[in-house]
Structures are given as C-alpha cells and as structure tokens.
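Notes for the structure review
Letter by letter, the chains look like this.
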Amino acid sequence: MSRVIYETDLESIHLDEDSLSELFTLLQTDSVTEVTIKLHANKFTYEYDTVDEIIEDSTLPGFIQSFELVVVADDNRLKLTSDDDENQIKLRISGEQEWAREQRRTVEEFFEKRGDKVRTLAQKWLVWAVAGLLTGGVLLLDRLGFSMLFRLTDNNIVVVAFGSLLVAGVVKSAVDYLHPYALIRLTNRRLHPYVSKAFRWLTIVAGLLTIVFTGSQVL
C-alpha cells in the first residue's frame, strides 16, 4: 500500500484532564506500539507514556501551553505539537495511506468537537479587525463633525492608522497571554490569576490609547 505524509494546522483548543484522556484513548489503537507525551514548561521538558502519569505528577504547573504527542504504530507515525511562541497547533502524519487517513479523521473530528473556533478566528483576524475598527471609528467621528477633537489632516491620518495597528498588536498580545491558543489545564492545580493579568493589560492598552489620541491632537 502507498505511503503518504499529511500536515495541517489545527484549531485552538484547551484540554482538561478528561479531554486529554479522551484524545489519548482515541489515538491508542491496537496497532500502536509507542506513545510519548512531552510537556514543555519553565525551561523543563517532562516526558510521559500515559495521561495518568501526567495527572499524578504534582510537580507540574497547572497550565501547559507547549506540548508534543507522538504516536508510533510500526512504520506509521503521528505527531501533534503546540508552539506557544507561534500560537500554532500542528498535525503531521506519515505512514500507510489507510492508517494516515484514519488518524487524520480521528484527530480532526476531535478538534472540530472540542476546538475553540472564536479563538482560531481571532488568531487570524484580530489585529486587522481591531486596527480597522479604531481607524474607521476615528474617521467616522471626523466626518460627523468632531474634527476639532482629533484635528485630522492627511498627515496625521497616517499616525492614527499606525497607532491603531500598535494598539491592535497590544490587544493581540493580551489575548495570547490571557487566553492561549493551545493549553493543557490540570484541574487539581492552582488557578491561573486571569483577573489580575487582565487588569494589567487593560492599563497598558488605556495608556497607549491616551498616547495615540494625544499625539493626534498635537499633530
């Protein structure tokens, strides 16, 4: 039978202990000879053979953003990786065509059911959407007669557009930080202080907005 290689990006997902166990069970078919799970956190790499080992390891942090799952079945291989720097989840399957197609269907159906579609769209479009809304809002206010508020000219419209992109980039960074693209959440660990971090990022965004609009008035 012919051999194939299949690669794709997957939807954003947050896995708790139950959903991680479900994924592990779905992939561990009779033909599987080896399964390895690697978790990357705080410059350490933790390696496990089962989900139970992960759950029982009290040294792990409560939230894991970077991980790798490798499934080997004879000469067939599946690799599922998340990269917290790139905000990506990648699937790579190599092996016999029938096995590869079956594993592809299993993984993609799981992510279709469990994935976060809103977060996936935000990864692609959030920066442009926020920048467009901010720039469009300022231009609309100018057209409605609030030009004295912003003192818009052809020159400082460029400044507004640049400032909007800057703010959009900060918003995107805040979303990446507060709501990661990929996450394993261990429910018996300390909760992540989302609220305090959210306030910190809101303060930064408010400061940047003040700088942008003050700069627009000066120009």
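These numbers were taken from a predicted model, which means no experiment stands behind them. (Residues numbered from 1 in each chain as written. Predicted model: local features only at pLDDT ≥ 70, side-chain atom pairs only at ≥ 80, totals over all residues. Heavy atoms only, no water.)

Focus on helix 1 (residues 17-27)
Working note: α-helix, 3.6 residues per turn, so residues spaced by three or four point in the same direction. Residues of helix 1 that are buried: Glu-17, Ser-19, Leu-20, Leu-23, Phe-24 and Leu-27. Where helix 1 starts, the residue carrying a side-chain oxygen 3.2 Å from the main-chain nitrogen of Asp-18 turns out to be Asp-16. (Buried < 20%, exposed > 50% of the residue type's maximum accessible area, 1.4 Å probe, protein only. Helix = DSSP H or I, 4+ residues; strand = E, 2+ residues; numbered from the N terminus. Polar contact = N/O pair within 3.5 Å; in protein donor to acceptor, adjacent residues only side chain to side chain.)

Digging into the pairing of strand 3 (residues 34-41)
Two elements, strand 3 and strand 6 (residues 66-73), share 7 bridges in a ladder whose sense is antiparallel. Paired with Val-35 across the bridge in strand 6 is Val-71. Alignment of strand 3 against strand 4 (residues 44-48), held across 5 bridges, turns out to be antiparallel. Counterpart to Ile-37 in the pairing with strand 4 is Tyr-48. (Pairing = 2+ DSSP bridges.)

Details of unusual backbone geometry
Positive phi, close to 55°, is recorded for Asn-42, a residue that is not glycine. Considering the arrangement of structural elements, one finds Asn-42 in the loop between strand 3 and strand 4. Given the relative accessible area of 61%, Asn-42 is considered exposed. Unlike most non-glycine residues, Lys-43 shows phi in positive territory, near 70°. Mapped onto the elements of the fold, Lys-43 is located in the loop between strand 3 and strand 4. Of the residues examined, Lys-43 reaches a relative accessible area of 89% and is grouped as exposed.

Some thoughts on the sheet that holds strand 2 (residues 13-15)
Taken together, the 3 strands give an open sheet; going across it, the order is 2-9-5, and neighbouring strands pair in mixed fashion. At either end of the open sheet lies a strand with only one pairing partner, and these are strand 2 and strand 5 (63-64). Across 2 bridges, strand 5 lies against strand 9 (residues 182-185) in antiparallel orientation. Bridging from a neighbouring strand, Phe-63 pairs with Arg-185 of strand 9. Contacts between helix 1 and the sheet are confined to strand 2 and strand 9, with strand 2 contributing the most and set at about 100° to the helix. (Contact = heavy atoms within 4.5 Å. Axes fitted to C-alpha atoms, helices over the stretch in contact; angles between N-to-C directions.)

Function cannot be inferred from these measures alone, as they are strictly geometric.
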